[in-house]
Amino acid sequence: MSSWSCAESPTTAAVLAGRWVRSAAADDGLGRHWVANPDPQGRSANAGHPSSLYSGAAGIVLFFLELAAATGHEAYLDDALAGARYLAATWREQADLTFYHGLSGAVFAMAEAGWATGDEQITTAAREAADQIVRSARQLGGGVGWTGDPAQRGDGGIVLTLLHAAGILGVPVYEELAVEAGERISSLAVPGHRFGGDSCAGLPVDAVTPGFLSGTAGTAFLLARLYGVTGDERFLAGARRGADFVRTVSVVTDKCAMIPHHVPQGRSLHYLGFCSGSAGVARMFYELYRVTGDPGDLDWVERLAHGIVQSGVPQRHTSGYWNVACQCCGTAGLIELFVGLWAATGRESHLRFARTLGDDLMGRATSHDQAGYRWYQAYRRLRPGDVTADTGYMVGAAGIGSALLHLDAADLSATPRRLILLPDNPFPAIPLPAGLLGDG
């Protein structure tokens, strides 16, 4: 069990984060959304649409759903429902269909809110929005898709949304279209290659990204998931091509592996977080292990995790782990990895390291005005002096609070609960090793 006192527990820190997010509420006739930073003259990273899962209402709805489950306080369900109603009223305005920044994220949040609350209007809105995604599919080279980008930030995230929606909303046609779109992606020589220039702002035009959100690893994850759903060997072959590319460009020393941010120019820049680093790539290898049982894939998960630990974080900042706390590229994303690994393997060293990360996050929280916890960070690595705070899920307090709730849930074996994990998180939704689940 944890050594935290009640006053210092991760759930308490998440509640304080919720207090700050609540102070950002903006209600109108359409429901509730939240401003990016409610501090007087506060600055935010301006990282996305106010309805998005990445930085807006959809992600904050998920956080309040989790706060309600963790604390038993119905008021948090009211917050979540108010935000879900806003999504239900505004989803038709979303031209972007992607998961993290567009309509697919709203579908996921509404589906989870409807499932948790039993609100049929929210569930109906989730189906209607998912139907719009289905209608928006178009013919691309070699099959159907939406953006033409196979990565998680593009069609990959949309496909994962449809797979989730097929189950939670009970509409099989969503899965059928997801599989059809995946067939086109599986035909790519090395699925998920993304080059610089227009497709990856700030990178050289000949750069290739092996990471998760905009690169090969995330697309290989998608294909492994589709193999698990269908048993179609074409998906497994595509996932293996992607995984082999990631292995080829990685830096391997002893029991550690590190992922270059981009190649060939960025071989020595090793992000540790979810979006472009070890924490995200480990998800791909774990999904492959989950659907095939190949111990070599689990070995790579452990190598990536060991590389994070050996880097000296959270005390040591590296070029790929700077002053950043959020789910996307910071400490919260690392907590998700190590809590998930503990639940998957039962290795106590993973949970101990997750607690170390949690202690660091709680120690970095700011509450100078008693308005609640927020985290100031340099969200953009190339602008270290641009320090901001945000309410959102992937960039701010909502996602950090969710990671802390997931960490605390790992210490509650007597009262396990289902966590809300995004569809690109392959780890157990009930964060307990199988042995503990069987004890009852």
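Note that this is a predicted model, so its numbers are computed, not measured. (Residues numbered from 1 in each chain as written. Predicted model: local features only at pLDDT ≥ 70, side-chain atom pairs only at ≥ 80, totals over all residues. Heavy atoms only, no water.)

1. Brief notes about the pattern of salt bridges
Applying the stated criterion across every chain yields a total of 25 salt bridges. Here arginine 247 makes a salt bridge to aspartate 297, at a shortest N to O gap of 3.1 Å. A residue pair is termed long-range when its members are at least 10 positions apart, and arginine 247 in helix H9 (residues 233–249) and aspartate 297 in helix H11 (residues 295–310) qualify at 50 residues. According to the relative accessible area criterion, arginine 247 is partly exposed, its value standing at 23%. Shared partners join several salt bridges into a network, and the residues in it are Arg240, Asp244, Arg247, Asp294 and Asp297. (Salt bridge = Lys/Arg side-chain N within 4 Å of Asp/Glu carboxyl O. Helix = DSSP H or I, 4+ residues; strand = E, 2+ residues; numbered from the N terminus. Buried < 20%, exposed > 50% of the residue type's maximum accessible area, 1.4 Å probe, protein only.)

2. Observations regarding the side chain of threonine 11
Inspection of the secondary structure puts threonine 11 in helix H1 (residues 10–22). Filtering out sequence-adjacent residues up to four positions away, threonine 11 remains in contact with Thr71, Leu405 and Asp408. (Contact = heavy atoms within 4.5 Å.)

3. Focus on the pairing of strand E2 (residues 31–34)
A regular strand places its side chains on the two faces of the sheet in alternate fashion. Both faces of E2 are covered, namely the face carrying Gly31 and His33 and the face carrying Arg32 and Trp34. Bridge count between strand E1 (residues 25–28) and E2: four bridges; the pairing is antiparallel. In the strand pairing of E2, alanine 26 is matched with histidine 33. Taking the residues that link successive antiparallel strands as the turn, the E1-E2 hairpin has two residues. (Pairing = 2+ DSSP bridges.)

4. Some thoughts on the environment of leucine 87
Examined against the element boundaries, leucine 87 turns out to sit in helix H3 (residues 74–90). In the structure, leucine 87 is positioned 54 residues away from histidine 33 in sequence and 8.6 Å away in space, judged by C-alpha atoms. Ignoring any residue separated from it by four or fewer positions in sequence, one finds leucine 87 in contact with Ser51, Ala57, Ala58, Val61, Ala106, Ala109 and Met110.

5. Some thoughts on helix H6 (residues 152–168)
Spanning 17 residues, H6 covers only 20 Å between terminal C-alpha atoms, well under the ideal 24 Å at 1.5 Å per step. The buried count for H6 comes to 14 of 17 residues, which makes it a mostly enclosed element. Immediately downstream of H6, the backbone of glycine 170 shows phi near 70°, a positive value. (Expected span 1.5 Å × (residues − 1).)

6. Examining the packing of aromatic side chains
Scanning the model with the defined rule gives 15 aromatic pairs in all. Here tryptophan 34 and phenylalanine 64 contribute two aromatic rings whose centre-to-centre distance is 5.8 Å and whose plane-to-plane angle is 35°, an arrangement assigned as tilted. Of this pair, tryptophan 34 sits in strand E2 while phenylalanine 64 sits in helix H2 (residues 57–71), and the two are 30 residues apart along the sequence. With relative accessibility at 4%, the residue tryptophan 34 sits in the buried group. Given a relative accessible area of 0%, phenylalanine 64 falls into the buried group. (Phe/Tyr/Trp six-rings, centres within 6.5 Å; stacked < 30°, edge-to-face > 60°.)

7. Remarks on the nonpolar core
Core analysis: the biggest nonpolar cluster contains 144 residues, and Met110 and Met284 have the highest contact counts within it. Ranked by residues supplied to this core, first place goes to H2 with 10 residues. Leave out the neighbours within four places in its chain, and methionine 110 touches Ala84, Leu87, Ala88, Trp91, Ile122, Ala125, Ala126 and Ala129. (Core = buried A, V, L, I, M, F, W, Y, C linked by side-chain atoms within 4.5 Å.)

8. Quick word on the confidence of the model for the protein chain
Reading fine detail from the predicted coordinates is not recommended where pLDDT is low. With 95% of its residues at a pLDDT of 70 or more, the protein chain shows a mean pLDDT of 93. Under a pLDDT of 50 for its full length, residues 1–7 has, in the predicted model, 14 contacts with residues more than four places off or in other chains. (pLDDT = per-residue confidence, 0-100.)

9. Quick notes on unusual backbone geometry
Outside of glycine, negative phi angles account for most residues, and trans bonds account for most peptide bonds. Cis peptide bonds are those with omega within 30 degrees of zero, and the linkage from valine 263 to proline 264 qualifies with 5°. Mapped onto the elements of the fold, proline 264 is located in the loop between strand E6 (256–258) and helix H10 (278–292). Of note, the amide linkage connecting valine 313 to proline 314 takes the cis form, showing an omega dihedral of 5°. You can see proline 314 is positioned in the loop between H11 and helix H12 (331–345). With phi around 55°, glutamine 41 is a residue other than glycine that occupies positive phi space.

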